[in-house]
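Architecture at a glance
Letter by letter, the chains look like this.
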Amino acid sequence: MDGKAMPTDANPYHEMDDLSSVPEKSNDGNGDDKLKSENDRSKIGLNNDQSRSHTCRRKLKELYEENEFLLLILIAIVGAKIYPPLGAEYLYPDITADWISVMFIFLLAGLALKTEEFEAAFSQYFFNLFVQTFNFGVVSLVGFTLAIILVKIGALDQSLADGMVICSCLPMAINMVIILCKNADGDEAAAVFNSAVGNLIGIFLSPVLILGYLGVSGDIDLVDIFWKLCVRVVVPLVIGQVIQKTWKDVKPCMKKNSLYIKKAQIYALVFIVYTVFCTTFMAGNPVGVGNILLMTFFQFLLLCLVTLMAWYSLKMLFPDSPRLRVMGVFGCTHKTVSVGVPLINAMYDGDPNVGLYTLPLLVWHPLQLVFGSLLVPHLYEFVQSETQRLGIVDAEIEHVRTQVSWFY
């Protein structure tokens, strides 16, 4: 019993020790809790800062990727201005830019171009004819008329005015027209057909229009121009098509590596622009910033004018086809950079003003993107309201979902 009593006698002292120790443990616990709370708050703050930093980097990356071509073009022009001899002489632009880069771009074009899809919208021959006629004929005629007026009144330098005419003679962009048309609920099959066919036609028709409007000066060999265009543009395009039709693995490979192919095409274009402006700055052309700003304003004015003309013409000719009208607005007025830049470079190889001939196209490109993006929601609402008004059944339409990323 004594052995059993020892633990009971010891229990009160043990309990007192426990009770006396409780406040101390409680105090220590409060201190630990405060320290832990402060650590948690600091970690949360650090995590928030890291999250904000990550979000900022992600947004900057997205902004760069969305505007990569324009940013690289600006960097290329600034770099050309800083030290023109690098791109005009030391990088051997006569070989690397005029031949290798141009042929590389059109080889990839031939590999990517899907001619079998032309049948999807070929039946709309009258609409297709109208779009191509307006894009090549009407836009170039209006652009040429405006350029003559501007030069006559002394509002614009002759080289920039010639560049405006050259820009107006080029075919439509593929990727931009398809994407804007798709977002505005336009006829995507018609967009694929017209943009692809327009670029094929433009390889032959654009040089004829340019030389027809601007004339052939004494130092330009017409035979030499078409020979260079044939070798640098047509031959690589045909080779690309032959490879695509011959090897079945080409299409899956192009689709799988479309992002890298697009990057390669962008860098080749930027390199051509860089060497072109190095040559222009090397020649010391006196065109000032004021002339360039005026040219930008007149390009925007021309874009607005031809867009209005296209819209009301389409309204008159295709009143009951809202989706075709939406596609036509973009297809009638947009111009391609990917075909235009190497085409200009091939035609005016060695001309010190080639940079000024190219500049209006580089201005038109972002203008048509911004202006077209602003029109998209309004055109989408127009399609929905017209479809409802006309009682058109919104049936399943097989949209041609291509990623022809080599045209802008």
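Everything that follows concerns the structure shown earlier in this document.
These notes cover the structure that comes with them. (Residues numbered from 1 in each chain as written. Predicted model: local features only at pLDDT ≥ 70, side-chain atom pairs only at ≥ 80, totals over all residues. Heavy atoms only, no water.)

Things to note about helix 14 (residues 337-347)
In terms of burial, helix 14 is a largely internal element, eleven of the eleven residues being buried. Taken together, the buried positions of helix 14 are occupied by V337, S338, V339, G340, V341, P342, L343, I344, N345, A346 and M347. (Buried < 20%, exposed > 50% of the residue type's maximum accessible area, 1.4 Å probe, protein only. Helix = DSSP H or I, 4+ residues; strand = E, 2+ residues; numbered from the N terminus.)

So, the environment of L317
Looking at the secondary structure, you find L317 in helix 12 (residues 289-317). Relative accessible area serves as the criterion here: at 35%, L317 is assigned to the partly exposed category. Sequence-wise, L317 and F127 are 190 residues apart; in three dimensions their C-alpha atoms are separated by 8.8 Å.

A short note on the pattern of salt bridges
In the structure shown here, the tally under the stated rule is four salt bridges. Salt-bridge contacts for K263 lead to E68; the nearest nitrogen and oxygen are separated by 2.8 Å. Placement of K263 in helix 11 (residues 258-283) and of E68 in helix 2 (residues 68-82) is noted, with a sequence separation of 195 residues between them. The exposure class assigned to K263 is partly exposed, which follows from its relative accessible area of 23%. Note on E68: relative accessible area 4%, which makes it buried. D185 is paired through a salt bridge with R323; the nearest N and O atoms lie 3.2 Å apart. One end of the pair, D185, is in the loop between helix 7 (175-183) and helix 8 (188-214); the other, R323, is in helix 13 (residues 322-333), and 138 residues separate them in sequence. Judged by its relative accessible area of 14%, R323 falls in the buried class. (Salt bridge = Lys/Arg side-chain N within 4 Å of Asp/Glu carboxyl O.)

Thoughts on helix 5 (residues 125-152)
End to end, helix 5 covers 39 Å across 28 residues, agreeing with the expected 40 Å (1.5 Å per residue, within 8%). Of all the bends in helix 5, the largest measures some 40° and sits at F134. Where helix 5 terminates, the next one or two residues include G154, which has phi positive at roughly 75°. (Expected span 1.5 Å × (residues − 1). Bend = angle between axes of the 7 residues up to and from the residue.)

A closer look at the packing of helix 13 against helix 15 (residues 354-390)
Where helix 13 meets helix 15, the axes come as close as 8 Å, and the angle between the chain directions of the two elements is 170°. With respect to each other, helix 13 and helix 15 are oriented roughly antiparallel. Of helix 15, the residues touching helix 13 (which contributes P322, R323, R325, V326, V329, F330 and T333) are W364, Q368, G372, L375, V376, L379, F382, V383, E386, T387 and L390. (Axes fitted to C-alpha atoms, helices over the stretch in contact; angles between N-to-C directions. Parallel < 35°, antiparallel > 145°, perpendicular 65-115°, else oblique. Contact = heavy atoms within 4.5 Å.)

Brief notes about the nonpolar core
What tends to happen in soluble globular proteins is that the nonpolar side chains get buried as a cluster. With 103 residues, the main nonpolar core has F127, F277, F330, V341 and Y348 as its most contacted residues. If one sorts the elements of this core by residue count, helix 15 sits on top with 14 residues. If we skip the residues at most four places from it in the chain, F330 touches V177, L180, C181, A184, G372, V376 and L379. Among the nonpolar cores identified, the runner-up in size contains six residues, and L111, A112, M254 and I261 belong to it. (Core = buried A, V, L, I, M, F, W, Y, C linked by side-chain atoms within 4.5 Å.)

Focus on the packing of helix 12 against helix 15
Here helix 12 crosses helix 15 at 40°, and the two axes come no closer than 10 Å. The handedness of the crossing between helix 12 and helix 15 is right-handed. In this structure, helix 12 uses I292, M295, T296, Q299, F300, L302, L303, C304, V306, T307 and W311 to contact helix 15, whose residues at the interface are L359, P360, V363, W364, L367, Q368, F371, L375, L379 and F382. Classifying every residue of the contact of helix 12 with helix 15 by side-chain character gives 17 nonpolar, four polar and no charged. (Left-handed = near helix turned anticlockwise from the far one by under 90°. Nonpolar A, V, L, I, M, F, W, Y, C, P; charged D, E, K, R; others polar.)

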